[in-house]
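Geometric and topological summary
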Amino acid sequence: MKNLFFTITLLLSTIFYSQENLTYQKPPKEILNLVEAPLAPIMRMDDKGENFVFLYRSNFKTIEELSETEMRLGGLRINPVTNIGSRERYYTTVKVRVGRKNSEETPAGLPKNGRFSNFSWSPNQKLMAFTNTIATGVELWVLDIENKSAKKITEANLNANTGNPFSWFKDSNSLLVKTISKDKKPLIDTKTAVPTGPTVSESEEGVKAQNRTYQDLLKNPSDEHNFEQLMLSELYRVSLNGEKNIWKENAMYDDLYFSPDGNYVMVTTVEKPFSYLVPYNRFPSKTVIYNTNGTLIKTVLEVPLIEDLPQGFMAVRTGKRNINWRNDKPSTITWCEALDGGDPEKVVEFRDEVFELNAPFNGNGTSILKTIGRFAGITWGNNNTAVAYDRWWNTRNTKTYIFNPSNNSIKPIIISDRNYQDTYNDPGNFVTKRNEFGQNTLSLVEDNAYLIGDGFSEKGKFPFVDELNLKSLKIKRLYQSNLTTQVESINDALDIQKGELVVNIESKNEYPNYYIRNIKKRIGLIPLTKFENPYKSIQNVHKEVIKYNREDGLELSGTLYLPTNYEKGKKYPMVMWAYPREYKDKSSAGQSTSNSNEFTYPSYGSPIYWVTRGYVVLDDASFPIVGEGNEQPNDTFIKQLVANAKAAIDAVDNLGYIDRTKVAVGGHSYGAFMTANLLSHSNLFAAGIARSGAYNRTLTPFGFQSEERNYWEAPEIYYQMSPFMNSEKMKTPLLLIHGEADNNSGTYPLQSERYFNALKGLGAPVRLVMLPKESHGYSAEESVLHMLWEQDQWLETYVKNKK
């Protein structure tokens, strides 16, 4: 074993640069050309489908941007110099098109080298507000659509650290803006500050606080001070000409929401005491309603610190929650309250009750609905019609109710009661339109409502539009796509009465573009965009969705790509990429939403790049983990994981495409966890790539992924599923990659560091790459290119040229 380890170490030292001297590398040209292809813009469209804003951004940030000052407080990552999230992805160019058939133009007055974000239409949709981040802070700008011009209306003094930094007044002539507090105190440098005493946390006997392993939490009084200073804001009313008037004094403002009629503002503030156990969204908060002059009308909600909840994913706090404006009324608030004490273990007839309260918000509110599962939202229609939803994770169940919000004596009608993972039987989403208040409400024509669905089936994706009669509950299909060599998606209904839809059409080598389709007049498509395919080098690659069976008969699938240099009869190495998903029934687990006609888009972490390097790629291979009835999916996690992998390799091998001794497996996050387990418990693979994973489940003792049980309830499950605990079984080369600043719950960098140390100590062939400044996903160009280089080197050494 010592000689083997010496040989591996020597081999690695000759292939890779030494750890101390390694600088950022770039992948081969074939991959680099694909990575650097420009992104198509994001399209924002007004409700009439007449005016458009196109937002452009680069593929990546730079490592210099990631290296800007950052504070990690209360679950947030903030740049304390600019007062906006330090991980914000900015747009760099804005273009405007007035009219469906006109060309895009760059607005006059737009700043050069801008970093734009927080785009928001004005209520009349003639303007769009946005922020621009400069070296010293965040400015507020307004874009005039018709005149194709932009102007700055504030200095760089916005506080964009949490929530929405501004909100439009109803008149579209002014905005309510969060600005940095004039009373803000200097921040404490926690690296050099001299402590005044120890940090003490305490637990009361009998009070359970079973929280996930959150990251970036407050740790000491200095963090508390800094968090408060960065949260403090003042609220100003700012007109389009830049005039400003104080609206509310100092507070830790979070969210600002105007009532549909614009006469009231719902303002939420963060309160004390803070916590070292949970992120800021579980700190105490207060929700107050003011009129437009800033006069207090009513405090409608005060939430205490939430550190202890009942166990389970469906656990919630007691009291009012999900407080919102009712979209179809001028100024009515709604909320729900748990009827089971927030404890999913309690057996009750109804889990939640929904209430409403009209302005001026006096009294206890009126009950309008009770839900069997946990309340999940309402699509409002009118005084007599609304659609509500509930959800229950343990059974993967969701229900849809039609109810009369003006008469709770009329029993709600459940029109859908199904497994939300059952994609093939998804009835779709209700069509909405803007009402007189500018809010989205049900699009109702006489007694009919309308639904738009994705239309997934065993044969592919064929989206549809249905008409639902609310009295008879009969459904009439108005349209279903019949494209066979392309894929259509219905994005929205411009006018359901006229039959106007906004659709997106793509093929494996045609970039997705937007069109207007009229399903009543049956006229030709009206193109809205003409984006070109930036990935010409792989546009003709062979691509197909293959289906195959696991040993227990469960149908699986994956998207198979052949190399760009494919020659019939020749066998190639393969890269398989996957992510496990848990199910409560085999029927849903066997469904596939992959489509061979979808556009081939290699995202930064995609394995598709390697078709240019002579590899077969099986992407998004099905890895269902099923637990039916009282059995939990993780009870047989390892067995099902290996069975999924074997079935995939067998299927591609049977097609004659691969050398099955040269197969690599990879994944990100839970896919990395999958990869490490597959290498530990099978001999199916030549190598593995695991990015940003968690490998020791005892470090996430109060649940992980879809596991509700804590470690002390199921120690054998935590142990068996932890690759770290099975490190002695690992003999297959494994490339570990992790962001040094990973903030995802459970996948902190220590996971990869300790796993690497264990494997290294036991003589396994392993390489650990820590990417500076990167979080759970990687965003700097230098990091992504280096990651691709590392993966390519690993695959070339241990798979394609396997000794």
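Model, not experiment: these values are computed from the prediction.

Thoughts on the overall build of the protein chain
Regarding its fold elements, the protein chain presents 10 helices and 48 strands. By the compact-globule yardstick of 28 Å for 803 residues, the protein chain fits well, its C-alpha radius of gyration being 28 Å. Burial status across the protein chain gives 56% buried among its 803 residues. Taking the intrachain contacts of the protein chain between residues at least 6 apart in sequence as the baseline, contacts between residues at least 24 apart amount to 59%. A total of about 35,400 Å² of accessible surface is found on the protein chain, and carbon and sulfur atoms cover 47% of it. In the protein chain, the 93 positive side-chain charges and the 94 negative ones have mean positions that sit 3 Å from each other.

As for the sheet that holds strand β12 (residues 174-180)
Strand order in the open sheet formed by 4 strands is β11-β12-β13-β14, with antiparallel pairing between adjacent strands. Edge positions in the sheet fall to β11 (166-168) and β14 (244-251), since each of these pairs with one other strand and no more. Adjacent strand axes in the sheet meet at a mean angle of 20° when their direction is disregarded.

Here's the deal with the pairing of strand β33 (residues 464-469)
The buried fraction of β33 is high, at 5 of 6 residues. Here 6 bridges tie strand β30 (residues 448-453) to β33, and the two strands are oriented antiparallel to one another. Bridge assignment links leucine 451 to a residue of β33, and that residue is aspartate 466. Here β33 runs beside strand β34 (residues 475-480); their pairing, made up of 5 bridges, is antiparallel. Counterpart to aspartate 466 in the pairing with β34 is arginine 477. Between β33 and the antiparallel strand that follows it, β34, lie 5 residues; leucine 473 among them carries a positive phi value of about 65°.

Quick notes on the side chain of serine 86
With respect to the helices, strands and loops of the structure, serine 86 is situated in the loop between β5 (84-85) and β6 (93-98). With relative accessibility at 12%, the residue serine 86 sits in the buried group.

Considerations on the sheet that holds β30
Within a sheet, neighbouring strands are paired by backbone hydrogen bonds and run either parallel or antiparallel to one another. Spatially, β27-β30-β33-β34 is the arrangement adopted by the 4 strands of the open sheet, whose pairing is antiparallel. Sheet topology places β27 (429-430) and β34 at the edges, where each strand pairs with a single neighbour. Bridge count between β27 and β30: 2 bridges; the pairing is antiparallel. Across the sheet, asparagine 429 pairs through a bridge with isoleucine 452, a residue of β30.

Topic: the nonpolar core
Met576, Leu618 and Phe685 are the most contacted members of the largest nonpolar core, which has 55 residues in total. The element best represented in this core is helix α6 (residues 637-654), accounting for 9 residues. Contacts of leucine 618, omitting those with residues within four sequence positions, involve Ile546, Tyr548, Gly558, Thr559, Leu560, Met574, Val575, Met576, Trp577, Ala648 and Val652. Formed by 47 residues, the second largest nonpolar core is a distinct cluster that contains Tyr609, Trp610, Ala664 and Ala686.

Re the packing of aromatic side chains
The geometry of an aromatic ring pair is captured by two quantities: the separation of the ring centres and the angle between the planes. Scanning the model with the defined rule gives 35 aromatic pairs in all. Taking 5.5 Å as the distance between ring centres and 45° as the angle between the ring planes, the aromatic pair formed by phenylalanine 702 and tryptophan 712 counts as tilted. One end of the pair, phenylalanine 702, is in the loop between β46 (687-691) and α8 (715-720); the other, tryptophan 712, is in the loop between β46 and α8, with 10 residues separating them in the sequence. The class for phenylalanine 702 is partly exposed, based on a relative accessible area of 28%. Judged by relative accessible area, tryptophan 712 falls into the exposed class, the value being 58%. Seen from their ring centres, tyrosine 711 and tyrosine 718 are 5.6 Å apart, and the 90° between their planes marks the pair as edge-to-face. Pairwise contacts between aromatic rings join Tyr579, Phe637, Tyr670, Phe673, Phe702, Phe704, Tyr711, Trp712 and Tyr718 into one cluster. Between arginine 396 and the ring centre of tryptophan 393, over which it is positioned, the NZ or CZ distance is 4.3 Å. Sitting above the plane of the phenylalanine 673 ring, arginine 697 keeps its charged end 4.6 Å from the centroid.

A short note on the side chain of serine 507
Its place among the elements puts serine 507 in strand β36 (residues 500-507). Among the polar contacts made by the side chain of serine 507, one reaches the side chain of glutamate 510 at a distance of 3.0 Å. Discounting residues that sit within four places of it in the chain, serine 507 has contacts with Thr485, Gln486, Asn597, Glu598 and Phe599.

Concerning the pattern of salt bridges
Throughout the structure, instances matching the rule amount to 39 salt bridges. Residues aspartate 47 and arginine 434 are paired through a salt bridge, measuring 2.7 Å at the closest nitrogen-oxygen approach. Taken together, the residues span a long stretch of sequence, with aspartate 47 in the loop between β1 (42-45) and β2 (51-56) and arginine 434 in strand β28 (residues 432-434) at a distance of 387 residues. In this structure, glutamate 356 and lysine 329 form a salt bridge, with 3.8 Å as the shortest nitrogen-oxygen distance. A residue pair is termed long-range when its members are at least 10 positions apart, and glutamate 356 in strand β21 (residues 352-358) and lysine 329 in the loop between β19 (320-325) and β20 (332-338) qualify at 27 residues.

Thoughts on helix α9 (residues 750-761)
Here α9 contains 12 residues, and its C-alpha end-to-end distance of 16 Å stays within 8% of the 16 Å for a straight helix at 1.5 Å per residue. Those residues of α9 not exposed but buried are Gln751, Ser752, Tyr755, Phe756, Ala758 and Leu759. One side of α9 holds all its buried residues, which, seen down the axis, span an arc of 165°. Just past α9, the residue glycine 763 takes up positive phi, approximately 85°.

So, α6
For α6, which comprises 18 residues, the first-to-last C-alpha distance of 26 Å matches the rise-based estimate of 26 Å (1.5 Å per residue) to within 8%. Immediately beyond the C-terminal end of α6, within one or two residues, lies glycine 656, with a positive phi of roughly 85°.

Notes on the pairing of strand β35 (residues 487-495)
Both β35 and β36 contribute to a ladder of 7 bridges, which runs antiparallel. Bridged to valine 487 within β36 is glutamate 506. Between the end of β35 and the start of β36, which pair antiparallel, lie 4 residues, with glycine 499 showing a positive phi angle near 85°.

Some thoughts on the environment of alanine 193
For alanine 193, the position within the fold is in the loop between β12 and α4 (221-231). For the pair alanine 193 and lysine 571, spaced 378 residues apart in sequence, the C-alpha to C-alpha distance is 62 Å.

A word on the packing of α6 against helix α7 (residues 670-681)
Two elements in contact, α6 and α7, have axes whose closest approach is 10 Å; the angle formed by their N-to-C orientations is 85°. Put simply, α6 runs roughly perpendicular to α7. Residues Phe637, Ile638, Leu641, Val642 and Ala645 of α6 lie in contact with α7, whose contacting residues are Tyr670, Phe673, Met674, Asn677, Leu678 and His681. Of the residues belonging to the contact of α6 with α7, the class tally is 9 nonpolar, 2 polar and no charged.

Re the confidence of the model for the protein chain
Averaged over every residue, the pLDDT of the protein chain is 94; the share at 70 or more is 96%. Contacts for the low-pLDDT stretch residues 1-18, under 50 throughout, to residues beyond four places or in other chains number 22 contacts.

Re the environment of arginine 697
Among the structural elements, arginine 697 can be located in the loop between β46 and α8. Taking the C-alpha atoms as reference points, arginine 697 and threonine 106, separated by 591 residues in sequence, lie 51 Å from one another. If we ignore the near neighbours within four places in the chain, the residues touching arginine 697 are Tyr670, Phe673, Phe704, Tyr718 and Ser722.

Overview of the environment of asparagine 425
Mapped onto the elements, asparagine 425 comes out in the loop between β26 (413-419) and β27. Counting along the chain gives 283 residues from asparagine 425 to glutamate 708, while the straight-line C-alpha distance between them is 27 Å. One polar contact links asparagine 425 to aspartate 422, side chain to side chain, over a distance of 2.8 Å.

Thresholds applied
Residues numbered from 1 in each chain as written. Predicted model: local features only at pLDDT ≥ 70, side-chain atom pairs only at ≥ 80, totals over all residues. Heavy atoms only, no water. Helix = DSSP H or I, 4+ residues; strand = E, 2+ residues; numbered from the N terminus. Rg over C-alpha atoms; globule rule 2.2 N^0.38 Å. Buried < 20%, exposed > 50% of the residue type's maximum accessible area, 1.4 Å probe, protein only. Contact = heavy atoms within 4.5 Å. Areas by Shrake-Rupley, 256 points an atom, 1.4 Å probe, with all protein chains shown as cover. Lys, Arg positive; Asp, Glu negative; His and termini not counted. Charge placed at Lys NZ, Arg CZ, Asp CG, Glu CD. Pairing = 2+ DSSP bridges. Axes fitted to C-alpha atoms, helices over the stretch in contact; angles between N-to-C directions. Core = buried A, V, L, I, M, F, W, Y, C linked by side-chain atoms within 4.5 Å. Phe/Tyr/Trp six-rings, centres within 6.5 Å; stacked < 30°, edge-to-face > 60°. Lys NZ or Arg CZ within 6 Å of the ring centre and 35° of its normal. Polar contact = N/O pair within 3.5 Å; in protein donor to acceptor, adjacent residues only side chain to side chain. Salt bridge = Lys/Arg side-chain N within 4 Å of Asp/Glu carboxyl O. Expected span 1.5 Å × (residues − 1). Arc of directions from axis to C-beta. Parallel < 35°, antiparallel > 145°, perpendicular 65-115°, else oblique. Nonpolar A, V, L, I, M, F, W, Y, C, P; charged D, E, K, R; others polar. pLDDT = per-residue confidence, 0-100.

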